[in-house]
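Close look at the chain arrangement
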There are 2 protein chains.
Amino acid sequence: MSESINDLKIGVLGGGQLGRMMIQSAINYNLDVSLLDPDPNAPCAHLTANFQVGMLTDEEQVYNWGQTFDLITIEIENVSVAALKRLEKEGKQIYPQPEVIELIQDKRKQKTFYKANRIPTADFVLTDTKDEIKTHASMLPAVNKLGKEGYDGRGVQILKKEEDFEKAFEKPSLLESLIDFEKELSVVAARNKRGEVACFPVVELSYHPVQNLVEFLFAPAQIPIDIERKAHDMAKDVIQKLDMTGLLTVEMFLTKDGEILVNEIAPRTHNSGHHTIEANLTSQFEQHLRAILNMPLGSVDLTTPAAMVNLLGEDGFTGKAKYEGIEECMSMKGVYIHLYGKKLTKPFRKMGHVTIIDTSIKSLKEKARRVKDTLKVKA
Amino acid sequence: MSESINDLKIGVLGGGQLGRMMIQSAINYNLDVSLLDPDPNAPCAHLTANFQVGMLTDEEQVYNWGQTFDLITIEIENVSVAALKRLEKEGKQIYPQPEVIELIQDKRKQKTFYKANRIPTADFVLTDTKDEIKTHASMLPAVNKLGKEGYDGRGVQILKKEEDFEKAFEKPSLLESLIDFEKELSVVAARNKRGEVACFPVVELSYHPVQNLVEFLFAPAQIPIDIERKAHDMAKDVIQKLDMTGLLTVEMFLTKDGEILVNEIAPRTHNSGHHTIEANLTSQFEQHLRAILNMPLGSVDLTTPAAMVNLLGEDGFTGKAKYEGIEECMSMKGVYIHLYGKKLTKPFRKMGHVTIIDTSIKSLKEKARRVKDTLKVKA
């Protein structure tokens, strides 16, 4: 096996920023990676001669494209599971497995899975109509999530009072108790085919209250060691119960009572693991490749405290992206800019991220704030 | 300036492994990089849609290709300086400057430059014929170097005794006293257009006695602080006297008397800086880009002791490259494999490198040796 990773033809569904950083890692091992994405100007479009344009959710397109490969993986979960199941039946290796992707595509199935497997999560009910949701007034304040189609903060809304029921989803959705959490945590776990599991150190996220996107990430999370252990055990438990091969990001709430609840999971590299490129011995992108190639997993050790700031399109600007403040950020020590190469910016679009490392937590936080205030994407 | 690095069209002469690692860095800043190389299967050939095949030493080809760009740089110094001079005259930015490349292409000019600028270097004489060399018997043992065409150990030979004069070069060459050195050191220095200079910590090299290629590199060099300072001052002195913009690698001898002599220089990223990818806050590839883009230079801090092992084609094997021992190396902590994507291997061809990091020097050396003994390129 070890001699053959260079001979495998690897296909990746999705050619966005996660694919882009995966390619940067794959170059080190001279892996033969091809990508499919609907956007001819996707972040990966010009990085390789092996980029094709196609609909990820179209069964026939994905199925036909997939014929060429030995191993298929994803960088986004909104893909045709039907195509992947057919390809798997015909002997292709598909990691994460199509069943896992299918489960995670539907937040209702996800929640049902947690419940069935006694994985702690916020209380919830499955709902199909607005009227049904209205019968659960006792759960307020609550979060109303669409089963499918939610991504990057879309398809998720908070219902505070009974008046808010008017905006409740009239589609298969779920209503979940709003957790008054102490912190939001995330663990990126990896598992290879031999069943080895490795979890990156727990990180702490702060979300922007309006955009519902990660604003700051800090690694390691400032939490007691027993909480760290509990979070790791839970991530390990989830990836094992899914019997999954690949990378799994487990987003969690730490409640004010010190309880940990699984919030959402993603079967892939994740925004909450970007700092691993500079701050850990192995990056999440390399770890993903190691897991799906059934190679030994890399060390997850964090070598320095780190922060991550998302670079979002500035509100009020739409059009060809222009970056402000790059030079000032480049003059700061331990600051790593990652631009995703998206030509067009729009309000709150993820255009890049910046990782900041520093041995002093105080200076780390100051630098993260300064980066956030300095680097802007306008049009 | 800072807002415009993404709008610059950047051309790189050469598409080998140094170009490949430069691209990995350039992706972070979404730089628009194109490459030219004579080999349609060069390490960069499939990494970008902007790869072209052409002769680097052909004036018209380089000149025509260069028309498209705002900024041109190199990853190999054996290129048409005449073309670069014409392009520079027409307003293109060329870094390193054509004059610097021209000087470094000829070892005779290099040595003459050191002498004229009082930069300590081994004693030498310029020679044109074998007969002329024979008149310098008093310099033996000595090194005989071709002025031009030397690369990766070619065009360099040691003349120990008078009998060896028979193999002396019958071409413009130089004869240099053989230095009985204590250590071979290297410093990668960077300088941007504003004249900022930054030197990476001194590293220590051990060359393979037969192949004349770097076998092991260790960072930092195990040398007293005053030698470190002297080596940095010398590298700084050389890059300033060249008035050069870009990266300059200065290879040095530390003599048994504690003297430092400049051996050779290269106006580009270098094998002796590969470890900076994992072991320093800024990699040499990013530093090169920062220098030529006139951006602030990055911090050169070494964050961990590191070693580097070149992965050379195994003696006795020629043909399609096969890698042995990858899995075992991937199971070692802090071991980073870089394969260059060369399809064909031949004895001693540079096929990749491995960086090893460890907080313990003892364990670092053990791991470097184990990598060297484990990872093999055969056919």
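1. Description of the overall build of chain A
The secondary structure content of chain A amounts to eleven helices and 22 strands. Here the C-alpha atoms of chain A give a radius of gyration of 20 Å, agreeing with the 21 Å that 2.2 N^0.38 yields for 379 residues. Seen along its three principal axes, the alpha-carbon backbone of chain A occupies a region of about 60 × 50 × 45 Å. Buried positions account for 62% of the 379 residues belonging to chain A.

2. A closer look at the pairing of strand β12 (residues 203-207) of chain B
All names here are of chain B. By the bridge criterion, three bridges tie strand β10 (residues 181-191) to β12 in an arrangement that is antiparallel. Paired with L185 across the bridge in β12 is E204. Direction of pairing for β12 relative to strand β13 (residues 214-219): antiparallel, over a ladder of four bridges. Considered in β13, the bridge of L205 is made with L217. Following β12, the chain reverses through six residues before pairing antiparallel with β13; N212 in that reversal takes a positive phi of roughly 55 degrees.

3. Things to note about the interface of chain B and chain A
Taken together, the 39 residues of chain B in the interface contact 39 residues of chain A. Between chain B and chain A, the buried area comes to about 3700 Å², and carbon and sulfur atoms account for 53% of it. For R194 of chain B, the salt bridge identified is with E327 of chain A, shortest N-O distance 2.8 Å. Connecting chain B to chain A are 21 residue pairs in polar contact (both at pLDDT 80 or more). Of all the secondary-structure elements, those providing two or more residues to the side of chain B that touches chain A are α1 (17-28), β18 (322-324), α10 (326-330) and β19 (335-339) of chain B. Class assignment for the residues of the side of chain B that touches chain A results in 16 nonpolar, 13 polar and ten charged.

4. Description of the side chain of N263 of chain A
Residues and elements named next belong to chain A. Along the chain, N263 turns up in strand β15 (residues 260-266). Residue classification places N263 among the buried residues on the basis of a relative accessible area of 12%. A distance of 3.2 Å separates polar atoms of two side chains, one belonging to N263 and the other to K145. Excluding anything up to four places from it in sequence, N263 contacts Q110, Y114, K145, E176, E184, E251, M252 and F253.

5. A look at the sheet that holds strand β7 (residues 142-146) of chain A
Residues and elements named next belong to chain A. Strand order in this open sheet of four strands is β6-β9-β7-β8, and the pairing throughout is antiparallel. Of all strands in the sheet, those with a lone pairing partner are β6 (124-127) and β8 (156-159), marking the two edges. Mean inter-strand twist for the sheet, computed between neighbouring axes without regard to direction, equals 25 degrees. Its contacts with the sheet put helix α5 (residues 107-116) on β6, β7, β8 and β9 (173-177), and the angle it makes with β6 is roughly 140 degrees.

6. Some words on the side chain of T73 of chain A
Residues and elements named next belong to chain A. Positionally, T73 belongs in strand β4 (residues 71-74). On the accessibility criterion, T73 (1% relative accessible area) is buried. A distance of 2.7 Å separates a polar side-chain atom of T73 from the backbone oxygen of Y95. In this structure T73 touches G11, V12, L13, M22, Y95, P96, H288 and I292, once residues within four positions along its chain are discounted.

7. Side note on unusual backbone geometry
With an omega dihedral of -5 degrees, the bond running from L140 of chain A to P141 of chain A counts as a cis peptide bond. The omega torsion of the bond from Y95 of chain B to P96 of chain B falls at 0 degrees, within 30 degrees of zero and hence cis. For N30 of chain B, which is not a glycine, the phi torsion comes out positive at approximately 50 degrees. For N30 of chain B, a relative accessible area of 23% gives the class partly exposed. With phi around 50 degrees, D243 of chain B is a residue other than glycine that occupies positive phi space.

8. Things to note about the packing of aromatic side chains
Taken as a whole and judged by the stated rule, the model has eight aromatic pairs over all chains. Ring plane angle 10 degrees and centroid distance 5.0 Å describe the contact between F181 of chain A and F253 of chain A, whose orientation is recorded as stacked. Of this pair, F181 of chain A sits in strand β10 (residues 181-191) while F253 of chain A sits in strand β14 (residues 246-255); the two residues are 72 residues apart in sequence, bridging distant segments of the chain. Of the residues examined, F253 of chain A reaches a relative accessible area of 9% and is grouped as buried. Note that K115 of chain B overlies the ring of F124 of chain B, its terminal NZ or CZ placed 5.6 Å from the centroid.

9. Some words on the confidence of the model for chain A
Mean pLDDT for chain A: 95, with 98% of residues reaching 70 or above. Here the predicted complex carries an ipTM of 0.94, next to a pTM of 0.95.

10. Comments concerning the relation of the copies chain B and chain A
With an axial shift of 0.0 Å and an RMSD of 0.0 Å, the rotation relating chain B to chain A amounts to 180 degrees. Such values leave the two copies arranged in the relation of a two-fold axis. For chain B, the smallest separation between a C-alpha atom and the rotation axis is recorded for T48 of chain B, amounting to 2.4 Å.

11. Concerning the state of the cysteines
According to the stated counting rule, one finds zero disulfides over all chains in the structure shown. With no disulfide of its own, C44 of chain B lies 17 Å from the sulfur of C44 of chain A, the closest cysteine sulfur. The exposure class assigned to C44 of chain B is buried, which follows from its relative accessible area of 0%.

12. Describing the pairing of β15 of chain A
All names here are of chain A. Counting buried residues in β15 gives seven out of seven residues, a clear majority hidden from the surface. With six bridges joining them, β14 and β15 adopt antiparallel strand pairing. Looking across to β15, one finds that T249 is bridged to A266. Count of turn residues in the β14/β15 antiparallel hairpin: four residues, of which G258 carries a positive phi of about 80 degrees.

13. Structural notes on the sheet that holds strand β3 (residues 51-53) of chain B
All names here are of chain B. What the five strands build is an open sheet, ordered β3-β2-β1-β4-β5; its pairing is parallel. Every other strand in the sheet has two partners, leaving β3 and β5 (93-94) as the edge strands with one partner each. Note that strand β1 (residues 9-13) and strand β2 (residues 32-37) share five bridges and pair parallel. Within β2, the position partnered with V12 by the bridge is L35.

14. With respect to the packing of helix α1 (residues 17-28) of chain A against helix α9 (residues 284-292) of chain A
Residue and element names in this part refer to chain A. Two elements in contact, α1 and α9, have axes whose closest approach is 8 Å; the angle formed by their N-to-C orientations is 75 degrees. One finds that α1 runs roughly perpendicular with respect to α9. Touching L18, M21, M22, S25 and A26 of α1 are F285, E286, H288 and L289, all from α9. Within the contact of α1 with α9, the residues separate by chemical class into six nonpolar, two polar and one charged.

15. Quick word on the packing of helix α3 (residues 81-89) of chain A against helix α4 (residues 98-105) of chain A
All names here are of chain A. Two numbers describe how α3 lies on α4: the axes approach to 9 Å, and their chain directions differ by 165 degrees. As summarised for this structure, α3 and α4 are arranged roughly antiparallel, according to the angle between their axes. In terms of crossing hand, the pair formed by α3 and α4 is left-handed. Residues V81, L84, K85 and E88 of α3 touch α4, and the partners they reach there are P98, E99, I101, E102 and Q105.

16. Details of the pattern of salt bridges
Residues and elements named next belong to chain A. If you walk through the whole model with that rule in mind, you get 54 salt bridges over all chains. K241 is the partner of D237 in a salt bridge, and the nearest nitrogen-oxygen pair spans 3.1 Å. With D237 and K241 both in helix α7 (residues 225-241) and four residues apart, this pair spans about one turn of that helix. Residue classification places D237 among the partly exposed residues on the basis of a relative accessible area of 26%. A residue is classified by how much of its surface remains accessible, and K241, at 35% relative accessible area, is partly exposed. One salt bridge connects E324 with K378, and the closest N-O pair in it is separated by 3.5 Å. Separated by 54 residues along the polypeptide, E324 in strand β18 (residues 322-324) and K378 in strand β22 (residues 376-378) bring together distant segments of the chain.

Each value, and the rule that gives it
- For every chain, the first residue of the written sequence is number 1, and numbering continues from 1 onward in sequence order.
- As a convention, the first chain written is A and the first ligand written is 1, with the rest following in written order.
- Where local features are concerned, this predicted model is filtered to residues with pLDDT of at least 70; where side-chain atom pairs are given and counted, the filter is 80 or more; whole-chain, interface and lining totals use all residues.
- Computation of side-chain values: all heavy atoms of the structure, hydrogens and water removed.
- Note on conventions: DSSP H or I runs of at least 4 residues are helices, E runs of at least 2 residues are strands, and numbering of each starts at the N terminus.
- We compute the radius of gyration over the C-alpha atoms and compare it with the globule rule, which gives 2.2 Å times the number of residues raised to the power 0.38.
- Each residue's exposure class comes from its accessible area (1.4 Å probe, protein chains only) as a fraction of the maximum for that residue type: buried when under 20%, exposed when over 50%, partly exposed otherwise.
- Two strands make a pair as long as DSSP finds a minimum of two bridges between them.
- In what follows, a contact means two residues having at least one pair of non-hydrogen atoms within 4.5 Å.
- Defined here as a combined quantity, buried area equals the accessible surface (1.4 Å probe) lost by two parts on assembly, summed across both.
- Every case where a carboxyl oxygen of Asp or Glu lies within 4 Å of a side-chain nitrogen of Lys or Arg is listed as a salt bridge.
- A 3.5 Å cut-off defines polar contacts: any pair of N or O atoms within that distance qualifies, except that in protein one atom must be a possible hydrogen donor and the other a possible acceptor, and neighbouring residues in sequence count only when both atoms are side-chain atoms.
- Amino acids outside the nonpolar list (Ala, Val, Leu, Ile, Met, Phe, Trp, Tyr, Cys, Pro) and the charged list (Asp, Glu, Lys, Arg) are all regarded as polar, and Gly is one of them.
- Each axis is a line fitted through C-alpha atoms, taken for helices only over the stretch in contact, and angles between the N-to-C directions span 0 to 180 degrees.
- Here a Phe, Tyr or Trp ring, Trp counted by its six-membered ring, pairs with any other such ring whose centre lies within 6.5 Å, and the pair is stacked when the planes are under 30 degrees apart, edge-to-face when over 60, and tilted otherwise.
- Our definition puts a charge over a ring when NZ of Lys or CZ of Arg is within 6 Å of the ring centre and also within 35 degrees of the ring normal.
- On a scale of 0 to 100, pLDDT captures the predictor's confidence in every residue.
- The fit set for superposing copies consists of C-alpha atoms from residues with pLDDT of at least 70 in both; the fit itself is least squares.
- Here, the term disulfide refers to a pair of cysteine sulfur atoms separated by no more than 2.5 Å.
- Working rule for angles: under 35 degrees goes down as roughly parallel, over 145 as roughly antiparallel, 65 to 115 as roughly perpendicular, anything else as oblique.
- Note on convention: the crossing is left-handed when the near helix lies turned anticlockwise from the far helix by less than a right angle, right-handed when the turn is clockwise.

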